[in-house]
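Chain and residue survey
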Amino acid sequence: MIPFSPPRIDDRTLEEVCATLKSGWITTGPRVRKFEEMLSDYCKVNNVLCVSSNSAGMELMLHWFGVGPGDEVIVPAYTYCATANVVVHCGATPVMVDVKEDFGIDVEAVRRAITPKTKVIMPVDIAGFPCDYDELNQLVREDAVRQMFTPTNEIQRQLGRILLLEDAAHSLGARYHGQPLGTQADLAVFSFHAVKNLTTAEGGAICLNLPHPFDNEALYKQLKIKSLHGQSKDALSKTQAGNWRYDVTEAGYKCNMTDVLAAIGIVELERYDSETLPRRKQIFDAYSNAFRNDSRFQIPTYETAEKQSSYHVYPLRINNITEQQRDEIMQRIFQLEVSVNVHFIPLPMLSFYRNAGYNIQNYPVTYDNFSREISLPVYYNLSDQQVQTVIEAVRQAVTL
Ligand SMILES: *Cc1c(COP(=O)(O)O)cnc(C)c1O
């Protein structure tokens, strides 16, 4: 059976993790700091904070911005549940909008959804393909949109407009106008979950790009404390002789990254541009070349003049089929010993959100994308021969 997306764990990973385990320091410490510095260089963002997951990072930033009951946060209907769940955790309302045929949030639909209660917009770079950041940045700065914004605390007053909080779970290494993702929105949060392009088993990182008068360096320090119970000293600095006394300055969260996991990330990032992304692109290109001239298939867009994907998910679509036919095709592909997946079941179709009153009929493009989508395996250790096996299985399974 060809698996869908196993992690790449080899001797280098094991050596770095073992070295950490033997070093005497296993939780947040020097390796997390090193990984943050590497991410900062890689993404060209001065301040990057590592956390325990993308979900925890997004929730931390919503809390920091003071999002709460009565507030609205605009999210795409087509995403993983984390994007909306963190809004619910804050007591605010996720306002879902439709996406475009390329899976990205529809900026005109965002515009129509803005109300005086809108505090945040959360674009999601589905499959690693960047959203329309020029248009989103312009939208939140438009006079009429700014005038509608109703700040309810000092941070919101300082920003004076809707916050752009990017769910960058898929997009480390993607580019927009040649610039690495992480630099386009006010805040961008990566995921290093086991199935993502770059993994630390579980983990995430927050890129801080807030405009003047915000001090991103000071915010980094504040968030480091906020992500560790509001404790003024972390465990490592407390180990210095006589340095035991600490204070708690706020009721903070507990979502720090550990050095053991940062060790995996350090190895992954060292070879990300030289090995991981080139191999993933080769696999994407092989799939596109195989399916491009076959009218049964719709291949995804992953490179345009302004955007370049991180090649996270290859979302193939089958033309002129129903959701049920898609499910049957997937069953036949599984029978041919190939694992495939669907990214994602739209939020309005999940019972929690459906029961809360969201209706998939209001998101026709989301439903159309979903009902015809099959994600194909993409990972570093997928061989050329396995890629051919996947292609043959898909061709055979689509018996239209
Ligand atoms: C994986 C994923 C998340 C959640 O990431 P975690 O690190 O597991 O919290 C959020 N959004 C999207 C789009 C994802 O695919």
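The structure we're discussing is the one just above.
Residues numbered from 1 in each chain as written. Predicted model: local features only at pLDDT ≥ 70, side-chain atom pairs only at ≥ 80, totals over all residues. Heavy atoms only, no water.

Here we take up the site of the ligand. Close to the ligand lie 15 residues, the nearest being S55, D167, H170, S191 and K196. Within the side chain of D167, an N or O atom sits 2.7 Å from a nitrogen atom of the ligand. A distance of 2.7 Å is found between an oxygen atom of the ligand and a side-chain nitrogen or oxygen belonging to S191. Using a 2 Å cut-off from the grid points, one finds that the ligand occupies the largest pocket. Looking at side-chain class alone, the shell around the ligand contains five nonpolar, eight polar and two charged residues. (Near = heavy atom within 4 Å. Polar contact = N/O pair within 3.5 Å; in protein donor to acceptor, adjacent residues only side chain to side chain. 1 Å grid on protein atoms, 1.4 Å probe; cavity = no way out; pocket = protein on both sides within 12 Å on 5 of 7 lines; lining within 4 Å. Sits in = over half its atoms within 2 Å of the grid points. Nonpolar A, V, L, I, M, F, W, Y, C, P; charged D, E, K, R; others polar.)

Moving on to the pairing of strand β9 (residues 204–208). For β9, the tally of buried residues reaches five of five residues, placing the bulk of the element in the interior. Covered by surrounding structure in β9 are G204, I206 and L208 together with A205 and C207, the residues of both alternating faces. For strand β1 (residues 47–51) and β9, the ladder comprises five bridges, and the chain directions are antiparallel. Within β9, the position partnered with V51 by the bridge is G204. Pairing between strand β8 (residues 187–191) and β9: five bridges, direction antiparallel. Across the sheet, the residue bridging to A188 is C207, located in β9. (Buried < 20%, exposed > 50% of the residue type's maximum accessible area, 1.4 Å probe, protein only. Helix = DSSP H or I, 4+ residues; strand = E, 2+ residues; numbered from the N terminus. Pairing = 2+ DSSP bridges.)

It is worth spelling out the sheet that holds strand β6 (residues 175–176) at this point. Here we have three strands laid out as an open sheet, ordered β7-β6-β11, and antiparallel in their pairing. Edge positions in the sheet fall to β7 (179–180) and β11 (307–308), since each of these pairs with one other strand and no more. Pairing of β6 with β11 involves two bridges; the strand directions are antiparallel. Within β11, the position partnered with R175 by the bridge is Q308.

Relative to the helices and strands, R280 resides in helix α12 (residues 272–291). Summary of buried charges: R280 has no salt-bridge partner, and the nearest side chain of opposite charge, E268, is 7.8 Å away. Side-chain polar atoms of R280 contact the side chain of N197, separated by 3.1 Å. (Lys, Arg positive; Asp, Glu negative; His and termini not counted. Salt bridge = Lys/Arg side-chain N within 4 Å of Asp/Glu carboxyl O.)

Going through the model one piece at a time under the given rule, you end up with 26 salt bridges. Notably, a salt bridge pairs R111 with E142, separated by 2.9 Å at the nearest N-O pair. Of this pair, R111 sits in helix α5 (residues 107–113) while E142 sits in the loop between α6 (133–141) and α7 (143–148), and the two are 31 residues apart along the sequence. Given a relative accessible area of 33%, R111 falls into the partly exposed group. Notably, a salt bridge pairs R161 with D186, separated by 2.9 Å at the nearest N-O pair. Of this pair, R161 sits in the loop between α8 (154–159) and β5 (163–168) while D186 is found in the loop between β7 and β8, placing the two residues 25 residues apart along the sequence. A cluster of three or more residues bridged by salt bridges with shared partners is formed by R8, D10, E268, R271 and E275.

As a further point, take the packing of aromatic side chains. Pairs of aromatic rings are described using the distance from one ring centre to the other and the angle between the two planes. Applying the stated criterion to the full structure yields 17 aromatic pairs. Between Y42 and Y272, the aromatic rings sit 5.9 Å apart at their centres with planes inclined by 70 degrees, giving edge-to-face as the arrangement. Separated by 230 residues along the polypeptide, Y42 in helix α2 (residues 30–43) and Y272 in helix α12 bring together distant segments of the chain. Just as Y42 is buried, Y272 falls in that class too. Note on F352 and Y353: the rings are 4.8 Å apart at their centroids and 90 degrees apart in plane angle, and the pair reads as edge-to-face. Pairwise contacts between aromatic rings join F284, Y287, Y302, Y311 and Y314 into one cluster. We note R8 situated over the ring of Y380; from NZ or CZ to the ring centre the distance is 3.7 Å. (Phe/Tyr/Trp six-rings, centres within 6.5 Å; stacked < 30°, edge-to-face > 60°. Lys NZ or Arg CZ within 6 Å of the ring centre and 35° of its normal.)

Strand order across the open sheet formed by seven strands is β1-β9-β8-β5-β4-β2-β3, with mixed pairing between neighbours. The open sheet has two free edges, formed respectively by β1 and β3 (93–97), since each of these has just one partner strand. Averaged over neighbouring strand pairs, the angle between their axes works out to 25 degrees when direction is ignored. Of the strands in this sheet, β1 and β9 are in contact with helix α9 (residues 216–226), which crosses β1 at around 15 degrees. (Axes fitted to C-alpha atoms, helices over the stretch in contact; angles between N-to-C directions. Contact = heavy atoms within 4.5 Å.)

Time to look at empty space enclosed by the protein. It is a probe the size of a water molecule, rolled over the atoms, that shows where empty space is left. Applying the stated criterion across every chain, the model contains three cavities of 30 Å³ or more. Estimates place the volume of the largest cavity at around 180 Å³. Along the walls of the largest cavity sit 16 residues, with P6, P7, R8, N197 and R280 positioned nearest its centre. Here the lining of the largest cavity is composed, by residue class, of seven nonpolar, five polar and four charged. The space that makes up the second largest cavity amounts to roughly 60 Å³. Along its surface, the second largest cavity is lined by D102, F103, I126, A127, F129, F284, P300, T301, Y302, S309, V313 and P315. The residue inventory of the lining of the second largest cavity, partitioned by class, reads nine nonpolar, two polar and one charged. (Points joined across faces, edges and corners; volume = space filled by probe spheres on them.)

Looking now at unusual backbone geometry. A cis amide bond links H212 with the next residue in sequence, P213, at an omega value of 10 degrees. By secondary structure assignment, the location of P213 is in the loop between β9 and α9. The peptide bond linking H343 to F344 adopts the cis configuration, its omega dihedral lying at 0 degrees. Along the chain, F344 turns up in the loop between α13 (323–335) and α14 (351–355). The backbone of K44 shows a phi angle near 55 degrees, a positive value even though the residue is not glycine. Since its relative accessible area comes to 52%, K44 is described here as exposed. Phi at A127 takes a positive value of approximately 70 degrees, unusual for a residue other than glycine. Mapping A127 onto the fold places it in the loop between β4 (118–121) and α6. Owing to a relative accessible area of 8%, A127 belongs among the buried residues under this scheme.

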